[in-house]
Amino acid sequence: MTDTERRIIEIVSGCLELEGADRVIAAETRLVEDLHVESVQMIEILYIIASDFRVELDANRIGGLRTIEDMCRYVEERSPRADSA
Amino acid sequence: MIVPAEMGTRGEMNQADLLSLTGANPSSDRFIRYWSGRSGRSHQEEPLGEWDGFPVEALGHFHVRTSSLKRIEALVFGRGRPLLLIGGLGVTAPIWLNQLEGLAADHRVLIIHKPGHGLSETVDDLSFDGVARTILDVATCLGFAEPLHVVGACIGANVALALAAMEPTRVATLTLVNVVGSESLEELGTESKDRHGVKALMESLRELDRTLCADLYRDIRDVPRDGGLDGKRAVEIYENSKSIDPLAYVQYVVANAGVRSSLPATDEVRARCLLLVGEKDSAVDAESTWKLRSRIPNSICAGIPNAGHYPYLTRAREFNKILRDFVDGA
């Protein structure tokens, strides 16, 4: 698991108040279908990720961020803070 | 089963798949509940079904492949002047149930689910202009060649306005119901935020949702006894019509809220325009609608007293009469 992935899982689990998130959430986990994220929760998750990694939210790309892996890729393409260690 | 001659069926159209074409009854519980909880999840191809009882000769339920190769859902009812209905953020076809019952007997009613709503996939460009382009694409694909009578509600009205400004010859009349003023969108401000800012944005959006809900309940409570409204049914329709992909919701917010130029060049609109407001709308300031009148040539205003944000749901008789008089008087 990369640092980016670990951090994004922390953010998602924090927003959803999930316990034991590392056992529940994996790279391929889908936010809507698997975690039942609702609209305003999605706002929180994406804005906090944008803030933490200092990336802009690109409206044209948001629709494709369906899994944790999609989010990691989005962040790693844009953020100086993301790494794949 | 009657197939509208100019519409064709599966295989005759280039990009539209007909899911069902039936004598379907939109008043049925199945129609009202069909979209609830489906958006953004894996598409379920379960057809709307075959029922009897609706006094309109045809219902077409379509998936249309747009030029961006995304699948957009559309429904067509009735026969007559073409009437395009564009709903607000997060709501789907059942919200227009009263208009289907009241207008589809002598209008061809087209409901297009905006990208990310119902079974429509989301698309990259969810600006009002982008959504307007997608909707025009779908209407064209379904064979709606003559100018449309376009009705938009809430941000659906912003989309309708963008459509009329972009393609004036495609619009016969334009009806904007509780159109969202640019000031309201700017106030939401969606620039980068720290955690405190994110919480504040979330609270604004939740507050907006609470306001809309409270508006609906107050509206139902205040309806005259002879107003023909079944309040319990109206709430059921409202709740079940909600169907939006959560990712698309964020996209709409990022693409349109906080954008200074969120109203299009309104002087480009050529169609006669009706600005219709529920005078007790708690979410959209009627004042911003009155201001808009001076910016749209050939526009008139009408208010429905004591109505809130959903006059087409809670004051359907009045709403349908005003709309019919405007459209049919064109």
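Scoring rules and cut-offs
- Residues numbered from 1 in each chain as written.
- Chains lettered and ligands numbered in written order.
- Predicted model: local features only at pLDDT ≥ 70, side-chain atom pairs only at ≥ 80, totals over all residues.
- Heavy atoms only, no water.
- Contact = heavy atoms within 4.5 Å.
- Buried area = accessible area lost by both parts, 1.4 Å probe.
- Salt bridge = Lys/Arg side-chain N within 4 Å of Asp/Glu carboxyl O.
- Polar contact = N/O pair within 3.5 Å; in protein donor to acceptor, adjacent residues only side chain to side chain.
- pLDDT = per-residue confidence, 0-100.
- Helix = DSSP H or I, 4+ residues; strand = E, 2+ residues; numbered from the N terminus.
- Buried < 20%, exposed > 50% of the residue type's maximum accessible area, 1.4 Å probe, protein only.
- Core = buried A, V, L, I, M, F, W, Y, C linked by side-chain atoms within 4.5 Å.
- Axes fitted to C-alpha atoms, helices over the stretch in contact; angles between N-to-C directions.
- Parallel < 35°, antiparallel > 145°, perpendicular 65-115°, else oblique.
- Left-handed = near helix turned anticlockwise from the far one by under 90°.

Draft legend 1. Structural context of the interface of chain B and chain A. On the side of chain A, 24 residues touch chain B, which itself brings 28 residues to the contact. Here chain B packs against chain A, burying approximately 2300 Å² in sum over the two surfaces, 65% of which is carbon and sulfur. Of all residues in chain B, the largest losses of buried area upon contact with chain A belong to B:Arg195, B:Leu247 and B:Val250, amounting jointly to 26% of the total for that side. Run the count over chain B and chain A and you get 2 salt bridges. Of the charged contacts in the structure, one is a salt bridge between A:Arg66 and B:Asp245, with a shortest N-O distance of 2.9 Å. At the junction of chain B with chain A, the criterion picks out 3 residue pairs in polar contact (both at pLDDT 80 or more).

Draft legend 2. Focus on the confidence of the model for chain A. Taken as a whole, chain A shows an average pLDDT of 88; of its residues, 91% reach a score of 70 or greater. Of all helices and strands in chain A, the one with the weakest mean pLDDT is helix 2 (residues 21-24) of chain A (68), whereas helix 5 (residues 68-78) of chain A scores best (94).

Draft legend 3. A look at the environment of B:Ile304. All names here are of chain B. Its place among the elements puts isoleucine 304 in strand 9 (residues 299-304). When the C-alpha atoms of isoleucine 304 and aspartate 281 are compared, they prove to be 10.0 Å apart, with 23 residues separating the residues in sequence. If near-sequence neighbours (up to four positions away) are discounted, isoleucine 304 is found in contact with Leu276, Val277, Gly278, Glu279, Pro311, Arg315, Glu318, Phe319 and Ile322.

Draft legend 4. Spotlight on the pattern of salt bridges. If you walk through the whole model with that rule in mind, you get 22 salt bridges over all chains. One salt bridge in this structure joins A:Arg61 and A:Glu77, with 3.5 Å as the shortest N-O distance. Placement of A:Arg61 in helix 4 (residues 59-62) and of A:Glu77 in helix 5 is noted, with a sequence separation of 16 residues between them. You can call A:Arg61 partly exposed: its relative accessible area is 33%. A salt bridge links B:Asp106 to B:Arg324; its shortest N-O distance comes to 2.7 Å. Here B:Asp106, found in the loop between helix 2 (97-103) and strand 5 (107-112), pairs with B:Arg324, found in helix 11 (residues 316-328); they are 218 residues apart in sequence, far enough to count as distant. Using a relative accessible area of 36% as the deciding quantity, one classes B:Asp106 as partly exposed. Classification of B:Arg324 by relative accessible area gives partly exposed; the value is 23%. Connected through shared salt-bridge partners, B:Arg81, B:Asp106, B:Arg324 and B:Asp328 make up one network.

Draft legend 5. Structural context of the nonpolar core. Counting residues in each nonpolar core, the largest one holds 90 residues, and the members touching the most others are B:Leu174 and B:Leu176. For this core, the element with the most residues is helix 3 (residues 39-53) of chain A, which contributes 10 residues. Setting aside chain neighbours within four positions, we find B:Leu176 in contact with B:Gly152, B:Ala157, B:Ala160, B:Leu161, B:Cys273, B:Leu274, B:Leu275, B:Leu276 and B:Ile296. By size, the runner-up hydrophobic cluster in this structure holds 42 residues, among which are B:Ala104, B:Cys213, B:Tyr238 and B:Tyr312.

Draft legend 6. Quick peek at the packing of helix 6 (residues 195-221) of chain B against helix 7 (residues 231-241) of chain B. Residues and elements named next belong to chain B. Packing of helix 6 against helix 7 leaves a shortest axis separation of 10 Å and a crossing angle of 155°. Taken together, the axes of helix 6 and helix 7 are roughly antiparallel relative to one another. In terms of crossing hand, the pair formed by helix 6 and helix 7 is right-handed. Between helix 6 and helix 7, the contacting residues are Asp209, Leu212, Cys213, Leu216, Tyr217 and Ile220 on the first element and Gly231, Ala234, Val235, Tyr238 and Glu239 on the second.

Draft legend 7. Spotlight on the confidence of the model for chain B. All names here are of chain B. When pLDDT is averaged along chain B, the result is 82, and 78% of the positions lie at 70 or above. Long-range and interchain partners of residues 1-14, a stretch whose pLDDT sits below 50, account for 27 contacts in this model, where long-range means more than four residues apart. The ipTM, which scores confidence in the relative placement of chains, is 0.88 for this predicted complex, and the corresponding pTM is 0.88.

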